[in-house]
Amino acid sequence: MVYHLDGAGQIQNIHTGNKCASGTGEFFLQQLGRMDLSLDDVKDQQRPDTIYKMAGRCSVFCKSDCTHALNKGIPKEQVVDGLSVMMAGKISELLKKLPKTSVMLVGGCTKNQAMIHYLQDEIEQLIIPEEAPWFEAMGAALWALDNETLPFPGLDKVFRSQASSLSFHRPLHEFKGMVHFKDQPTAVASDGDQTILGLDVGSTTTKGVVMRRHDKAILASEYLRTNGDPVGASRQVYQSLANQIDKKIIIDGLGVNGSGRQNAGLHAMTDGVINEIIAHATAAVHFDPEVDTIFEIGGQDAKYTYITNGVPSDYAMNEACSAGTGSFIEEAAKESLGLDVTKIGETAYQATNPPNFNDQCAAFISSDIKRAVQEDIPLPDIVAVLVYSICMNYDNRVKGNRPVGKKVFIQGGVCYNKAIPAAMAALTGKEMVVPPEPGLMGAFGVALEVKNRLDKGLLKKQEFFLDELIKREVKYGKPFTCGGGKSCDRKCEISRIEINNKQYPFGGTCNRYDNIVHNRKIDSSNLDQVVWREKRVFRDL
């Protein structure tokens, strides 16, 4: 927000941005948290030679840019400065039609030294008073000194209860009976067990399981934060799995899925890189062959899958909005309500009269949270409607008008919050089945799928050793621009990853470099469907 003052120091005009949170301090802190950084960590950070450019028109696109950059091995300092440049650009955009000769910057964002650095390149005289972080509060106090105000009535009478302007949902505890939780005990490893390792490298969390081949039992598992480092998180998972198994097992298959699957798969040197749609469907069908609908809500993605005869036949995912994902509910609860993610479920079940929030945008839901707090709505009711909102967003914008079958599985890490399945049951009128360890379904599913492909000869048998995977480090070299050849002018930036003193190209829009790494010979002459259709319609008649 920009206040344009006249020569007498009076407000002449006010310029505001839209409700999007991408240029705000709260969003900046959220992204630092996803990289396991604090404001103090980046305060004295040196400006990098290269800045990773971010999309600034939407907080969700910007968050996706951060995730993809970190998955490609872009250094965190380049991502942090990319965020700061984007924030500085938002401010410069507001000043576009105003004089920039003398500008005072106030608010908590003045603690972002990188943003100030890039603003100083745009603004001739940038003034940052010492009182900048609490400037508005000081202004209110100064105004009160010069104007008549009501006497302070005491803390008990400062806030008044009043009728809410919001509509309301039914309490979540009324739908507990529509949610069914499956259970599967963990087995114990024995010497010589043939196993398969499944790894799910997500944008927010990384999960891993060791599955015994002959009975598909889980021998060990881990669930931890990715923290913007998919390879580092994978190595931590390998270490945890090794600590849990004290027997000599044989790992003859390793499958990887999730948003960081290409990077983590290259680090593991495995051919078992599989997308999460197949992995989650395989896991769900394993637990119940009659399942026909899967609702999967992850940290940044939300997916719908319809299954016919045990095979995915239709799917959809959130196009961009994060309001129906796990990272949003975690960030909203922590930043706006000061509530830890592990407390969301039990708090939501205590609600008696949850209001109805906007489900269309993460920024609008955040505004509704603040309005509910101002209207003195109890914390459990606000948390319950936060749960309702992400399920409403999923129902309206991911599932849409697609069918919901007779048996519905709901899975993903957010289902450790038991209020989520209850809210989905309330909105759809369908009973929900939560599989064992819903957050591990991607890792378990990819292990199952690797086993299936090994049994059918579709995947070559490889042997993996946890000690080697734990010690295997990666280095990132200077990226290069893909030439593309005669038929492509996209000029993708390709990363260089060094593993065991050998460099591998990584990234790009197509599979060109992935095919090179895995020695795949692809005949692309028959893949152009437009040419094929032209031949069929005009030449073969």
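Just above, that's the structure.
Residue positions are counted from 1 within each chain, in the order its sequence is given. At least 70 in pLDDT is required for a residue's local features to be given in this predicted model, at least 80 for side-chain atom pairs to be given and counted, and no such filter applies to totals for whole chains, interfaces and linings, which use all residues. Values shown for side chains rest on all heavy atoms present in the structure; no hydrogens or waters enter the calculation.

A. Quick look at the overall build of the chain. Here a helix means four or more residues in a row that DSSP labels H or I, a strand means two or more in a row labelled E, and each is numbered from the N terminus. Within the chain one finds 18 helices and 18 strands. Each principal axis of the C-alpha atoms in the chain carries an extent, and together these give about 85 × 65 × 60 Å. Burial classes follow relative accessibility: with a 1.4 Å probe on protein chains only, a residue under 20% of its type's maximum area counts as buried, one over 50% as exposed, and anything between as partly exposed. Split into buried and exposed, the 541 residues of the chain put 47% on the buried side. Partitioning the intrachain contacts of the chain with sequence separation of at least 6 by distance along the chain shows that 70% fall at a separation of at least 24. Split by element, the accessible area of the chain, about 28,400 Å² in all, is 49% carbon and sulfur. None of His or the chain ends enter the tally, which takes Lys and Arg as positive and Asp and Glu as negative. By convention, charge coordinates are those of NZ in Lys, CZ in Arg, CG in Asp, or CD in Glu. For the chain, the centre of its 61 positive side-chain charges and the centre of its 66 negative side-chain charges are spaced 7 Å apart. Only heavy atoms enter the contact rule, under which two residues are in contact if any of them lie within 4.5 Å. Each accessible area value is a Shrake-Rupley result obtained with a 1.4 Å probe; residue values ignore everything except the protein chains displayed when judging cover.

B. Focus on the sheet that holds strand β18 (residues 502–506). Here a strand pair is declared whenever DSSP counts at least two bridges between the two strands. An order of β16-β17-β18 is seen for the three strands of this open sheet, with the pairing classed as antiparallel. Each edge of the open sheet carries a strand with a single partner, namely β16 (474–481) and β18. Across the sheet, the axes of successive neighbouring strands diverge by a mean angle of 25°, strand direction being ignored. With six bridges connecting them, β16 and strand β17 (residues 493–499) associate as antiparallel partners. Each axis is a line fitted through C-alpha atoms, taken for helices only over the stretch in contact, and angles between the N-to-C directions span 0 to 180 degrees.

C. Layout of the pairing of strand β9 (residues 250–257). Burial analysis of β9 places seven of its eight residues in the buried class, which makes it a mostly covered element. In the sheet, strand β6 (residues 194–201) pairs with β9 via six bridges, with the strands oriented parallel. Pairing of Leu197 across the sheet is with Leu254, part of β9. Each parallel crossover has a hand, and for β9 linked through helix α8 (residues 261–268) to strand β10 (residues 272–273) it is right-handed. Crossovers are marked right-handed if the path from the first strand over the helix to the second runs clockwise, as seen with the strands pointing away from the viewer.

D. A look at the packing of aromatic side chains. Two rings from Phe, Tyr or Trp (for Trp, the six-membered ring) form a pair when their centres are within 6.5 Å of each other. A pair whose planes differ by under 30 degrees is stacked, one over 60 is edge-to-face, and the rest are tilted. Following the criterion strictly, the structure yields five aromatic pairs and no others. Ring geometry for Phe287 against Phe444: centres 5.6 Å apart, planes inclined by 40°, an arrangement best described as tilted. With Phe287 in helix α9 (residues 276–287) and Phe444 in helix α15 (residues 441–455), the pair connects residues that are 157 residues apart, well separated along the chain. Owing to a relative accessible area of 18%, Phe287 belongs among the buried residues under this scheme. Ring geometry for Phe295 versus Tyr304: centroids 6.5 Å apart, planes at 35°, classification tilted.

E. Geometry of the sheet that holds strand β5 (residues 179–181). With mixed pairing, the six strands of this open sheet are ordered in space as β5-β15-β14-β11-β12-β13. Each edge of the sheet is formed by a strand with only one pairing partner; in this case those strands are β5 and β13 (311–317). Neighbour-to-neighbour, the strand axes of this sheet turn through a mean angle of 25°, independent of strand direction. Strand direction decides the pairing type here: β5 and strand β15 (residues 432–434), joined by three bridges, are parallel. Bridged to Phe181 within β15 is Val434. Across the sheet, helix α13 (residues 379–399) touches β11 (293–297), β12 (302–308) and β13, and the angle it forms with β12 is around 60°.

F. Local environment of the pattern of salt bridges. One speaks of a salt bridge when a side-chain nitrogen belonging to Lys or Arg is within 4 Å of a carboxyl oxygen belonging to Asp or Glu. Per the counting criterion, the structure on display carries 20 salt bridges. In this structure, Glu330 and Arg225 form a salt bridge, with 2.3 Å as the shortest nitrogen-oxygen distance. Within this pair, whereas Glu330 is found in helix α10 (residues 326–337), its partner Arg225 is found in strand β8 (residues 218–225), the two being separated by 105 residues in sequence. Among the ionic pairs, Arg472 bridges to Glu468, the shortest N-O distance being 3.9 Å. For Arg472, a relative accessible area of 12% corresponds to the buried category. One connected set of salt bridges, linked through shared partners, spans Arg213, Asp252, Lys451, Asp455 and Lys461.

G. Structural detail: the environment of Ile51. The topology assignment puts Ile51 in the loop between α2 (39–43) and α3 (59–71). Sequence separation of Ile51 and Pro75 is 24 residues, and the distance between their C-alpha atoms is 9.7 Å. Every residue in contact with Ile51, bar those within four places of it in the chain, is listed here: Gln78, Asp81, Gly82, Val85 and Tyr118.

H. Seen up close, the packing of helix α7 (residues 230–244) against α8. Where α7 meets α8, the closest approach of the two axes is 9 Å, and the angle between their N-to-C directions is 55°. Between α7 and α8, the crossing angle belongs to the class labelled oblique. In the packing of α7 onto α8, the handedness of the crossing is right-handed. When α7 is examined against α8, the residues Pro230, Val231, Ser234, Arg235 and Tyr238 are found in contact with a partner set consisting of Asn263, Ala264, His267 and Ala268. The nonpolar class holds Ala, Val, Leu, Ile, Met, Phe, Trp, Tyr, Cys and Pro. Asp, Glu, Lys and Arg form the charged class, and all remaining residues, Gly among them, are polar. Among the residues making up the contact of α7 with α8, the classes are represented as five nonpolar, three polar and one charged. Throughout, the term roughly parallel applies to angles under 35 degrees, roughly antiparallel to angles over 145, roughly perpendicular to angles from 65 to 115, and oblique to all others. By definition, any crossing whose near helix is turned counterclockwise from its far helix by less than a right angle is left-handed, and any crossing with a clockwise turn is right-handed.

I. Just the environment of Pro479, in detail. Here Pro479 lies in strand β16. A sequence separation of 401 residues divides Pro479 from Gln78, and the C-alpha atoms of the two residues are 14 Å apart. Not counting residues up to four positions away in its chain, the partners in contact with Pro479 are Glu493, Ile494 and Ser495.

J. Layout of helix α4 (residues 76–94). An expected span of 1.5 Å times one less than the residue number is assigned to each helix. The end-to-end C-alpha separation of α4 is 28 Å, in line with the 27 Å expected for 19 residues at 1.5 Å each. Of the residues making up α4, those classed as buried are Gln78, Val79, Val80, Asp81, Gly82, Leu83, Ser84, Met86, Met87, Ala88 and Ser92.

K. Examining the state of the cysteines more closely. For the purposes of this analysis, a disulfide is any pair of cysteine sulfur atoms at a distance within 2.5 Å. Evaluation of the coordinates by the stated rule reveals zero disulfides. With no disulfide of its own, Cys109 has Cys62 as its nearest cysteine by sulfur position, at a separation of 13 Å.

L. Fine view of a nonpolar patch on the surface. A cluster of nonpolar side chains, namely Met1, Tyr3, Leu5, Ile11 and Ile14, defines an oily patch on the protein surface of about 540 Å² accessible area. Counting only elements with at least two residues in the nonpolar patch, the list comes to β1 (2–5) and β2 (11–15). Given a relative accessible area of 45%, Ile14 falls into the partly exposed group. By definition, no residue in a patch forms a salt bridge, and every one has over 30% relative accessible area; like charges are joined within 9 Å, nonpolar side chains (Val, Leu, Ile, Met, Phe, Trp, Tyr) within 5 Å.

M. Spatial organisation of the nonpolar core. By size, the foremost hydrophobic cluster in this structure holds 45 residues, and its most contacted members are Leu172, Val387 and Ile420. Filtering out sequence-adjacent residues up to four positions away, Val387 remains in contact with Leu172, Ile329, Ile344, Ala348, Asn417, Ala419, Ile420 and Ala423. Remark: nonpolar core denotes a set of buried residues (Ala, Val, Leu, Ile, Met, Phe, Trp, Tyr, Cys) joined through side-chain atoms within 4.5 Å. Phe28, Cys66, Ala69 and Leu98 belong to the second largest nonpolar core, which has 30 residues in total.

It is worth stressing that arrangement in space is one thing and function is another; only the former is reported here.
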